[in-house]
Amino acid sequence: MASTPKASPRDRLLDATARLSYRDGVSVGIEALCREAGVSKRSMYQLFSGKDEMLAASLERRIPGYEARLAHPEPETATPRERILYVFARLEKDSADAGFHGCPYLAALVELKDPGHPANAIARAVKEGLAKAFRAEAERGGARDPELLARQLLLVFDGASARAGAGVEHLDDGLATATVTTLLDAAGMK
C-alpha cells in the first residue's frame, strides 16, 4: 500500500492560515497557526518573514480555487447573463454551508486597514478582478452602463456575502439572484 506524501511545512502553514484566518479572522496568532500546521515558529520564520507574508501567500494561493468556484461550468455556451447569475447562485449555495463566513478576500480588506499590507494588496486585486469580470460580462451582454452595473453587482456580491457570513441573512431563498436579475433587467442585459 502506497502512502501519500505528507504536505511540506510551507503547505501546511498556508493551509492552516487559510482555515484559521477564514474562521477566526486575520488577527489569529502565529502560535495558533503553527500549532494547527504542526510546524515550529522557528521553521515558520525560516519560510516566511512573518505572519503578514504568510497571510498574503495563503490568500494568493487560494485565488485559482476561488475563481474556479465562481466560473460558470459551461462558459462557452452560457450567455453573459447566465455567467453573472451563476456567480450569485454559487454564493447562495455556498452560504448554506455551516462553515461559510463570507468572502475571504472581502474579510481581509475589512480587517486589514493598512492598504500597504501585503494581504490587503492581494485581496484588493481579487475584488478588482471580480469587478473587471462583471464589467466584461456586462459589456458582452449589452448593458447600457457596464461600469455602473459592475459596481452594483460587486456591491450586491460583497453585501450578500458579508451578511450571510455574519449569519444575519440567509440566501437560500434566492434573494441575491433575484436582486441581480432586477439589476440586469434594468441595465438592459440580454
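In case you missed it, the structure is sitting above this.
Residue indices begin from 1 for each chain and proceed along its sequence in written order. Selection of residues for local features in this predicted model requires a pLDDT of at least 70, selection of side-chain atom pairs for listing and counting requires 80 or more, and totals for whole chains, interfaces and linings are taken over all residues. Only hydrogens and water are set aside; all other atoms, that is, all heavy atoms of the structure, feed into the side-chain values.

Time to look at the layout of surface pockets. Using a grid of 1 Å spacing that covers the protein atoms alone, one calls a set of points a cavity when a 1.4 Å probe fits there but cannot get out, and a pocket when the set is open and has protein on both sides within 12 Å along at least five of seven lines; lining residues are those with an atom within 4 Å of a point. Grid points are joined across faces, edges and corners, and a volume is the space filled by probe spheres set on the points. Considering only enclosed or pocket space, the largest pocket measures out at about 420 Å³ in volume. Along the wall of the largest pocket there are 17 residues; nearest its centre are Tyr-22, Arg-69, Asp-94, Phe-100 and Pro-104. By definition, any uninterrupted DSSP run of H or I lasting at least four residues is a helix, any uninterrupted run of E lasting at least two residues is a strand, and each is numbered from the N terminus. Elements that contribute at least two residues to the lining of the largest pocket include exactly helix H4 (51-70), helix H5 (80-95) and helix H8 (146-165). With five residues, H4 is the single largest residue contributor to the lining of the largest pocket. Here the second largest pocket is characterised by a volume of approximately 310 Å³. When residues of the lining of the second largest pocket are traced back to their parent elements, those giving at least two are H4, H5 and helix H7 (118-140). If you tally residues by element for the lining of the second largest pocket, the top one is H7, at eight residues. Just so you know the grouping, Ala, Val, Leu, Ile, Met, Phe, Trp, Tyr, Cys and Pro go in nonpolar, Asp, Glu, Lys and Arg go in charged, and all remaining residues, Gly too, go in polar. Of the residues in the lining of the second largest pocket, the class split is eleven nonpolar, two polar and four charged.

Take the packing of aromatic side chains next. What describes a pair of aromatic rings is the distance from one ring centre to the other and the angle between the planes of the rings. Whether two aromatic rings pair depends on their centres lying within 6.5 Å, for rings of Phe, Tyr and Trp, where Trp uses its six-membered ring; planes under 30 degrees apart make the pair stacked, over 60 edge-to-face, and the rest tilted. Scanning the model with the defined rule gives three aromatic pairs in all. Between the aromatic rings of Phe-88 and Phe-134, the centroid separation amounts to 5.7 Å while the plane-to-plane angle is 15 degrees, which identifies the pairing as stacked. Placement of the pair is Phe-88 in helix H5 and Phe-134 in helix H7, with a sequence separation of 46 residues. The burial state of Phe-88 is the same as that of Phe-134; both residues are buried. Arranged with centres 5.9 Å apart and planes meeting at 80 degrees, the rings of Phe-88 and Phe-157 form a pair that is edge-to-face. When accessible area is computed with a 1.4 Å probe and restricted to protein chains, residues below 20% of their type maximum are described as buried, those above 50% as exposed, and intermediate ones as partly exposed.

Let's shift gears to empty space enclosed by the protein. Taking a probe equal in size to a water molecule and rolling it over the atoms shows the remaining empty space. The final tally for this structure, using the stated rule, is one cavity of 30 Å³ or more. Here the largest cavity is characterised by a volume of approximately 60 Å³. Taken together, Ser-21, Tyr-22, Val-26, Leu-55, Leu-59, Arg-62, Pro-104, Ala-107, Ala-108 and Glu-111 form the lining of the largest cavity. Counting only elements with at least two residues in the lining of the largest cavity, the list comes to helix H1 (9-24), H4 and helix H6 (104-111). Among the elements that make up the lining of the largest cavity, the one with the highest residue count is H6 (four residues). Residues of the lining of the largest cavity, tallied by class, amount to seven nonpolar, one polar and two charged.

Taken as a whole, H6 has its buried residues at Pro-104, Tyr-105, Leu-106, Ala-108 and Leu-109. Contacts are assigned to residue pairs that have any heavy atoms within 4.5 Å of one another. Looking at the buried residues of H6, the elements they touch are H1, H4, H7 and H8.

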